[in-house]
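Structural overview
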Amino acid sequence: MLTTARLRLRPWRDDDLEPFAALNADPRVREFFPLLQTRQESAESMQYILDHFRSHGFGLWAVEVIGAVPFIGFIGLSVPSFDAPFTPCVELGYRLAFEHWGRGYATEGARAVIAFGFATVGLGEIVAMTAVGNKRSRRVMERVGMKRNVADDFDHPNIVVGHRLRRHVLYRLTANDWAATAHS
Ligand SMILES: CC(C)(COP(=O)(O)OP(=O)(O)OC[C@H]1O[C@@H](n2cnc3c(N)ncnc32)[C@H](O)[C@@H]1OP(=O)(O)O)[C@@H](O)C(=O)NCCC(=O)NCCS
């Protein structure tokens, strides 16, 4: 469990499935993913997230706005299951329901997750990735101090060749760079 000024990043509960399935079926949330998710696929994603916590000790936490909204999406860390030049790695991830965008929640939660990854887990580096055109997501990465190197851009192996979302950017943050900025 991680707590910020406005958010609680907490373990998932069964009743998160309903709002999770709703946001995964929202075309605005899924603009930079190949497909919307069915309720069954959301249930499988939720199970995958729970299994990831069990095998790694960290994962994509369910996010609540303290005293206001029980579930707005997830923010956390995950180990990608695909192979790429930069794997194995630990990835920062976030997905929030559309009505909770534009309030700084993703950035606030991501900062807490990054601090947890470096200070508690002891990671040496955290990466983040998204489709090239996902400007909102890239702005979060930039706000938390991650840096993109064009040489790291890649074609996502889980997206079919020729798909408009296949080209991805990679952002990185090392523990040393985080420590230098976090305490300056
Ligand atoms: C990516 C995503 C989480 C970003 O959400 P977001 O709300 O834009 O990001 P933040 O939470 O950091 O909020 C930043 C915005 O809140 C505004 N804001 C308002 N109050 C704020 C506050 N108290 N503190 C900080 N920012 C605040 C900022 O000005 C900024 O607005 P702007 O984008 O219009 O400039 C969201 O778009 C999303 O869930 N997308 C779908 C899933 C997705 O693409 N995930 C990433 C794939 S890898």
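Relevant structure appears above.
Residues numbered from 1 in each chain as written. Predicted model: local features only at pLDDT ≥ 70, side-chain atom pairs only at ≥ 80, totals over all residues. Heavy atoms only, no water.

Turning to the overall build of the protein, a few remarks are in order. On a plain count of helices and strands, the protein comes out with five helices and nine strands. Secondary structure of the protein in N-to-C order comes out as β-β-α-α-β-β-β-α-β-α-β-β-β-α. Against the compact-globule benchmark of 16 Å for 184 residues, the protein has a radius of gyration of 16 Å, which places it among compact chains. Over its C-alpha atoms, taken along the principal directions, the protein stretches across nearly 40 × 40 × 35 Å. With 184 residues in all, the protein has 51% of them scored as buried. Within the protein, contacts between residues separated by at least 24 positions form 62% of all contacts whose residues are at least 6 apart in sequence. Accessible area of the protein: about 9500 Å², with a carbon and sulfur share of 54%. Placing the 22 positive and 20 negative side-chain charges of the protein at their respective mean positions leaves the two points 6 Å apart. (Helix = DSSP H or I, 4+ residues; strand = E, 2+ residues; numbered from the N terminus. Rg over C-alpha atoms; globule rule 2.2 N^0.38 Å. Buried < 20%, exposed > 50% of the residue type's maximum accessible area, 1.4 Å probe, protein only. Contact = heavy atoms within 4.5 Å. Areas by Shrake-Rupley, 256 points an atom, 1.4 Å probe, with all protein chains shown as cover. Lys, Arg positive; Asp, Glu negative; His and termini not counted. Charge placed at Lys NZ, Arg CZ, Asp CG, Glu CD.)

Counting buried residues in strand β5 (residues 91-96) gives six out of six residues, a clear majority hidden from the surface. Side-chain alternation along β5 places Glu91, Gly93 and Arg95 on one buried face and Leu92, Tyr94 and Leu96 on a second face that is also buried.

Going through the model one piece at a time under the given rule, you end up with 14 salt bridges. Of the charged contacts, one joins aspartate 51 and arginine 54 as a salt bridge, the two residues approaching to 3.0 Å between their closest N and O atoms. With aspartate 51 and arginine 54 both in helix α2 (residues 39-56), this residue pair falls three residues apart, about one helical turn. What makes arginine 54 exposed here is its relative accessible area of 62%. Note that arginine 172 and glutamate 125 form a salt bridge whose closest N and O atoms lie 3.0 Å from each other. In this pair, arginine 172 sits in strand β9 (residues 167-174) while glutamate 125 sits in strand β6 (residues 125-131), placing the two residues 47 residues apart along the sequence. On the basis of relative accessible area, glutamate 125 is assigned to the partly exposed category, the value being 28%. Within this structure, Arg8, Arg10, Arg13, Asp15, Asp16 and Glu64 form a network of salt bridges that share partners. (Salt bridge = Lys/Arg side-chain N within 4 Å of Asp/Glu carboxyl O.)

Turning our attention to a positive patch on the surface. On the surface, a cluster of positive charge is made up of Arg111, Lys135, Arg136, Arg139 and Arg143. The dominant element in the positive patch, judged by the number of residues it contributes, is helix α4 (residues 135-143), at four residues. Examined against the element boundaries, arginine 143 turns out to sit in helix α4. Its relative accessible area of 46% is what places arginine 143 among the partly exposed residues. (Patch = residues over 30% accessible without salt bridge, like charges linked within 9 Å, V, L, I, M, F, W, Y side chains within 5 Å.)

Moving on: the environment of valine 127. Relative to the helices and strands, valine 127 is located in strand β6. The spacing of valine 127 and glutamine 37 is 90 residues in sequence and 25 Å in space, taken between C-alpha atoms. Non-local contacts of valine 127, meaning those with residues more than four positions away in its chain, are made with Cys89, Val90, Glu91, Leu92, Met146, Leu170, Tyr171 and Arg172.

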